[in-house]
Amino acid sequence: MRLTAVLMLAPFALAACGERTETAARTPAEAVSAAPVQSDAAATAPAVLNAADLRRVCRAGLAGIHGQQLTDITVDGLEGDVVNASWRAPVDGGRRRAQCRVEGDLITWRPSDAADPAQARWMNQSGDPVTRFVLDGEAITINTTLPDGTTATESYAVATEQEAR
């Protein structure tokens, strides 16, 4: 009787040895923030932006992220590789302020005027939208992917001489 029980349970024990461990699926934002496949046909972000291009890209990026017109975003200054910008708040008429930086073709930002210090963080964690850019002469294309996988694309024409102030 014991031998029969052992023989009946042996296949189940051996089957459990070969179980696969499933890896968690990446969120759409994590998949987009991974390094993109490069193509010879597509314009790409330069390895390092000069100060004028950094201001142009951040200005267009913040306009796309916050749903503002390009002319509404004012570049207030540059601290190393971080751009300080502001725009008129649509609700109360005050000023919204943010900092922006570029890493490769990724645009990351953080609010400068958040009342809660925990909210004044760089928006580059999982669950945050992922914003990429393509710089092609005066044209800047902003591609934003939300955590649920929806995307938005905006194109702006930002002349270099506009930013040289």
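Residues numbered from 1 in each chain as written. Predicted model: local features only at pLDDT ≥ 70, side-chain atom pairs only at ≥ 80, totals over all residues. Heavy atoms only, no water.

Caption draft 1: Main features of the state of the cysteines. This structure, assessed with the given rule, holds 1 disulfide. With a sulfur-sulfur separation of 2.1 Å, Cys58 is cross-linked through a disulfide to Cys100. The disulfide joining Cys58 to Cys100 has a torsion of about -80° about its S-S bond and is therefore left-handed. Remark: Cys100 occurs in strand S3 (residues 95–103) and Cys58 occurs in helix H3 (residues 51–66); sequence separation between them is 42 residues. A single burial state applies to Cys58 and to Cys100, both of which are buried. (Disulfide = S-S within 2.5 Å. Helix = DSSP H or I, 4+ residues; strand = E, 2+ residues; numbered from the N terminus. Buried < 20%, exposed > 50% of the residue type's maximum accessible area, 1.4 Å probe, protein only.)

Caption draft 2: Main features of the nonpolar core. Core analysis: the largest hydrophobic core is formed by 25 residues, its most contacted members being Val102, Phe133 and Ile140. Mapped by element, the contributors of at least two residues to this core are H3, strand S2 (82–88), S3, strand S4 (106–111), strand S5 (130–136) and strand S6 (139–145). Looking at which element gives the most residues to this core, the answer is H3, with 6 residues. If we ignore the near neighbours within four places in the chain, the residues touching Ile140 are Arg56, Val57, Ala60, Phe133, Val134, Leu135, Glu154, Ser155, Tyr156 and Val158. (Core = buried A, V, L, I, M, F, W, Y, C linked by side-chain atoms within 4.5 Å. Contact = heavy atoms within 4.5 Å.)

Caption draft 3: Structural context of the packing of aromatic side chains. Counted under the stated rule, the structure contains 0 aromatic pairs. Positioned above the aromatic ring of Trp122, the side-chain terminus of Arg101 is 4.0 Å from the ring centre. (Phe/Tyr/Trp six-rings, centres within 6.5 Å; stacked < 30°, edge-to-face > 60°. Lys NZ or Arg CZ within 6 Å of the ring centre and 35° of its normal.)

Caption draft 4: Looking closely at the pairing of strand S7 (residues 151–157). Inspection of the sheet shows S6 paired to S7 by 7 bridges, in the antiparallel sense. Pairing of Thr144 across the sheet is with Ala152, part of S7. The loop that links S6 with its antiparallel partner S7 comprises 5 residues; one of these, Gly149, has a positive phi angle of about 100°. (Pairing = 2+ DSSP bridges.)

Caption draft 5: Main features of the sheet that holds S6. With antiparallel pairing, the 7 strands of this open sheet are ordered in space as S1-S2-S3-S4-S5-S6-S7. Two strands bound the open sheet, and with one partner strand each, they are strand S1 (74–79) and S7. The average angle at which neighbouring strand axes cross in this sheet is 30°, direction not considered. Sheet contacts for H3: S1, S2, S3, S4, S5, S6 and S7; angle to S3, the most-contacted strand, approximately 125°. (Axes fitted to C-alpha atoms, helices over the stretch in contact; angles between N-to-C directions.)

Caption draft 6: Layout of the pattern of salt bridges. Inspection of every chain in the model, using the stated rule, returns 5 salt bridges. Notably, a salt bridge pairs Asp53 with Arg56, separated by 2.7 Å at the nearest N-O pair. Placement of both Asp53 and Arg56 in helix H3 is noted, with a separation of 3 residues, approximately one turn of the helix. A salt bridge links Arg101 to Glu103; its shortest N-O distance comes to 3.2 Å. For Arg101, a relative accessible area of 19% puts it in the buried group. Glu103 sits in the partly exposed class, given a relative accessible area of 41%. (Salt bridge = Lys/Arg side-chain N within 4 Å of Asp/Glu carboxyl O.)

Caption draft 7: Representation of the environment of Glu79 in the model. Structurally, the position occupied by Glu79 is in strand S1. Measuring from C-alpha to C-alpha, the distance between Glu79 and Gln99 comes to 9.6 Å, with 20 residues separating the pair along the chain. Not counting the four nearest positions on each side in its chain, Glu79 is found in contact with Asn84 and Gln99. Polar side-chain contacts of Glu79 include one of 2.8 Å to the side chain of Asn84. (Polar contact = N/O pair within 3.5 Å; in protein donor to acceptor, adjacent residues only side chain to side chain.)

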